[in-house]
Amino acid sequence: MRVSLVLLAVLLTVSALHSEAKKELADNMPRCCYSYISRTIPLRVVTGYERTGSHCSLQGVMFLTKSGRKLCANPSNSWVQRHIRHLDQKSK
């Protein structure tokens, strides 16, 4: 009986550590865009943005919305550049 309890405790500890490691790994994963949104995102729903890194095959801008969604946009679109300027001014 004691062996079973010890084994159960070890298994629970290992599974807890494993799930934390997976979360940390997911948080450090590079964020890339694989396609762009085809319509303009209303500025009133955008809370921030992040540019994709040079490691991504498709360069993009990820806009974060009030609902928590991340939407990729083409950085060469004029509305994307206006949104970025507005958000940069707002953060100063």
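Calculation criteria
Along each chain, residues carry numbers from 1 onward, in the same order as the chain's sequence is written. Residue-level local features of this predicted model are given only where pLDDT is at least 70; pairs of side-chain atoms are given and counted only at 80 or more, and the full residue set underlies all totals for whole chains, interfaces and linings. Side-chain measures here rest on the full set of heavy atoms in the structure, leaving out hydrogens and waters. Helix numbers and strand numbers start at the N terminus; a helix is a DSSP run of H or I with at least 4 residues, a strand a run of E with at least 2. Note on exposure labels: buried denotes an accessible area under 20% of the residue type's maximum, exposed denotes more than 50%, and partly exposed covers the range between, all computed with a 1.4 Å probe on protein chains only. What makes two residues a contact is simply this: any of their non-hydrogen atoms within 4.5 Å. Accessible areas in this description were obtained via Shrake-Rupley with a 1.4 Å probe; residue shielding takes into account the shown protein chains only. Helices are assigned an expected span. That span is 1.5 Å times one less than the residue count. Here the arc refers to the set of directions running from the helix axis out to each C-beta atom. Definition used in this section: a nonpolar core is a set of buried Ala, Val, Leu, Ile, Met, Phe, Trp, Tyr and Cys residues joined via side-chain atoms within 4.5 Å. Two cysteine sulfurs form what is called a disulfide whenever their separation falls within 2.5 Å.

Novice: What is the right way to look at the overall build of the protein in this model?
Specialist: Scanning the protein from terminus to terminus reveals 2 helices and 3 strands. For the protein, the sequential pattern of α-helices and β-strands runs α-β-β-β-α. Put simply, the protein has 92 residues, and 22% of those count as buried. Of the contacts formed within the protein by residues at least 6 apart in sequence, a portion of 40% connects residues at least 24 apart. Within the structure as shown, the protein displays about 7100 Å² of accessible surface, and the carbon and sulfur contribution to it stands at 59%.

Novice: Sorry, what's going on with helix H2 (residues 78–90) here?
Specialist: Think of an α-helix as turning once every 3.6 residues; residues three or four places apart then point the same way. End to end, H2 covers 18 Å across 13 residues, agreeing with the expected 18 Å (1.5 Å per residue, within 8%). Looking at H2, one finds that the buried residues are Trp-79, Val-80, His-83, Ile-84 and Leu-87. End-on view of H2: buried residues confined to an arc of 140°, all on one side of the axis. Packing partners of the buried residues in H2 comprise strand S1 (46–51), strand S2 (61–65) and strand S3 (70–73).

Novice: Before we go on, may I ask you to explain the nonpolar core in this structure?
Specialist: For soluble globular proteins, nonpolar side chains are generally found buried alongside one another. Counting 10 residues, the largest nonpolar core consists of Ile-41, Val-46, Val-61, Phe-63, Leu-71, Ala-73, Trp-79, Val-80, Ile-84 and Leu-87. Those elements giving two or more residues to this core turn out to be S2, S3 and H2. The biggest single contributor to this core is H2, with 4 residues.

Novice: Mind showing me how you'd approach the state of the cysteines here?
Specialist: In protein structure, a disulfide is the covalent linkage between the sulfur atoms of two cysteines. Per the counting criterion, the structure on display carries 2 disulfides. Here Cys-32 engages in a disulfide with Cys-56; their sulfurs sit 2.0 Å apart. With the S-S dihedral at roughly -80°, the linkage between Cys-32 and Cys-56 falls on the left-handed side. Here the residue Cys-32 occupies a position in the loop between helix H1 (2–27) and S1, and Cys-56 occupies one in the loop between S1 and S2, the gap between them amounting to 24 residues. One exposure class covers both Cys-32 and Cys-56, and it is buried. Linked covalently through their sulfurs, Cys-33 and Cys-72 form a disulfide whose S-S length is 2.1 Å. In this structure the cystine formed by Cys-33 and Cys-72 twists about its S-S bond by roughly -85°; its chirality is therefore left-handed. Of this pair, Cys-33 sits in the loop between H1 and S1 while Cys-72 sits in strand S3, and the two are 39 residues apart along the sequence. The class for Cys-33 is buried, based on a relative accessible area of 1%. Under the relative-accessibility criterion, Cys-72 is labelled buried at 12%. Cysteine pairing for the protein (bonded cysteines numbered in sequence order): 1-3, 2-4.

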